[in-house]
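Chains, contacts and geometry: an overview
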Amino acid sequence: MGPTGVSLDPSIASLQVSEVEGMTIVNAEGETLGQVENVLRHDDAGDLHAIVSVGGFWIFGGSDVALPLADMRLEGEQLVLQDIIGQDELDDLATDYDEDRHSEVDGDMTLSEAMGR
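Residues numbered from 1 in each chain as written. Predicted model: local features only at pLDDT ≥ 70, side-chain atom pairs only at ≥ 80, totals over all residues. Heavy atoms only, no water.

Here's the deal with a negative patch on the surface
Among the surface-exposed residues, Glu 29, Glu 31, Asp 88, Glu 89, Asp 91, Asp 92 and Asp 96 lie close enough to one another that they form a single negatively charged patch. Residue placement: Glu 29 occurs in the loop between β1 (24–26) and β2 (32–42). Assessed through its relative accessible area of 54%, Glu 29 is described here as exposed. (Patch = residues over 30% accessible without salt bridge, like charges linked within 9 Å, V, L, I, M, F, W, Y side chains within 5 Å. Areas by Shrake-Rupley, 256 points an atom, 1.4 Å probe, with all protein chains shown as cover. Salt bridge = Lys/Arg side-chain N within 4 Å of Asp/Glu carboxyl O. Lys, Arg positive; Asp, Glu negative; His and termini not counted. Charge placed at Lys NZ, Arg CZ, Asp CG, Glu CD. Helix = DSSP H or I, 4+ residues; strand = E, 2+ residues; numbered from the N terminus. Buried < 20%, exposed > 50% of the residue type's maximum accessible area, 1.4 Å probe, protein only.)

Regarding the confidence of the model for the chain
Of the residues in the chain, 89% have a pLDDT of 70 or more, and the chain-wide mean is 86. Averaged over each element, pLDDT in the chain is lowest for helix α3 (residues 87–94) (76) and highest for helix α2 (residues 17–20) (97). (pLDDT = per-residue confidence, 0-100.)

Let's talk about the side chain of His 49
Here His 49 lies in strand β3 (residues 48–54). Those residues in contact with His 49, other than ones at most four positions away along the chain, are Asn 38, Val 39, Leu 40, His 42, Ala 66, Leu 67, Pro 68, Leu 69 and His 102. (Contact = heavy atoms within 4.5 Å.)

Observations regarding the nonpolar core
If you look at the biggest cluster of nonpolar residues, it comprises 29 residues, and the most contacted ones within it are Val 20, Ile 25, Leu 69, Leu 79 and Leu 111. Secondary structure elements with two or more residues in this core: α1 (10–13), α2, β2, β3, β4 (63–68), β6 (78–81), α3 and α4 (111–116). The element that contributes the greatest number of residues to this core is β3, accounting for 4 residues. Apart from residues lying up to four places away in sequence, Leu 111 is in contact with Leu 8, Ile 12, Ala 13, Leu 15, Val 17, Val 20, Val 39, Leu 48 and Leu 69. (Core = buried A, V, L, I, M, F, W, Y, C linked by side-chain atoms within 4.5 Å.)

A word on the pairing of strand β5 (residues 72–75)
Here 4 bridges tie β5 to β6, and the two strands are oriented antiparallel to one another. Paired with Leu 74 across the two strands is Leu 79, which belongs to β6. (Pairing = 2+ DSSP bridges.)

Section: the environment of Leu 93
Looking at the secondary structure, you find Leu 93 in helix α3. Taking the relative accessible area as the measure of exposure, Leu 93 reaches 26% and is therefore partly exposed. Considered as a pair, Leu 93 and Ser 63 are 30 residues apart in the sequence and their alpha carbons are 9.6 Å apart. Setting aside its immediate chain neighbours within four residues, Leu 93 contacts Val 65, Leu 67 and Ile 85.

Focus: the pairing of β2
Inspection of the sheet shows β1 paired to β2 by 3 bridges, in the antiparallel sense. Pairing of Ile 25 across the sheet is with Gly 34, part of β2. Between β1 and β2, which pair antiparallel in sequence order, lie 5 residues; one of them, Gly 30, sits at a positive phi of approximately 85°. Looking at chain direction, β2 and β3 are connected through 5 bridges and run antiparallel. Within β3, the position partnered with Val 39 by the bridge is Ala 50. Where β2 folds back onto β3 in an antiparallel hairpin, the turn is made up of 5 residues, including Gly 46, whose phi is positive at roughly 85°. As judged from the 3 bridges shared by β2 and strand β7 (residues 102–104), these two strands associate in the antiparallel manner. By the bridge assignment, Leu 40 is partnered in β7 with Glu 104.

Some points on the pattern of salt bridges
Under the definition given, this model contains 2 salt bridges. When the shortest N-O distance is used, the salt bridge between Asp 44 and Arg 101 registers 2.3 Å. Taken together, the residues span a long stretch of sequence, with Asp 44 in the loop between β2 and β3 and Arg 101 in the loop between α3 and β7 at a distance of 57 residues. By relative accessible area, Arg 101 is classed as partly exposed at 39%.

Below is the structure:
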């Protein structure tokens, strides 16, 4: 259990942070939402987020979105976000992400260790 009573799905709790980075995230309908750029911990809540770059063209004009890892589980080689979020909702979430309120986590830690810190 994390600081706010949020827990990670057992399928991802033992993954290392470095393993999660680069994984593809899909929504519950199987639509690709993006690749995990980074795993960060929210400074206030203490929960972990997968940072995904959305929109833009190639490397230009994309915006970062923080998706809660507590809402994901591992299926095969990809993370499945349990919410029905599509590309349009992702663009809305991009405005909610405040990089100053998130901290880097050690790539060698498991997600459950990173959440406990």
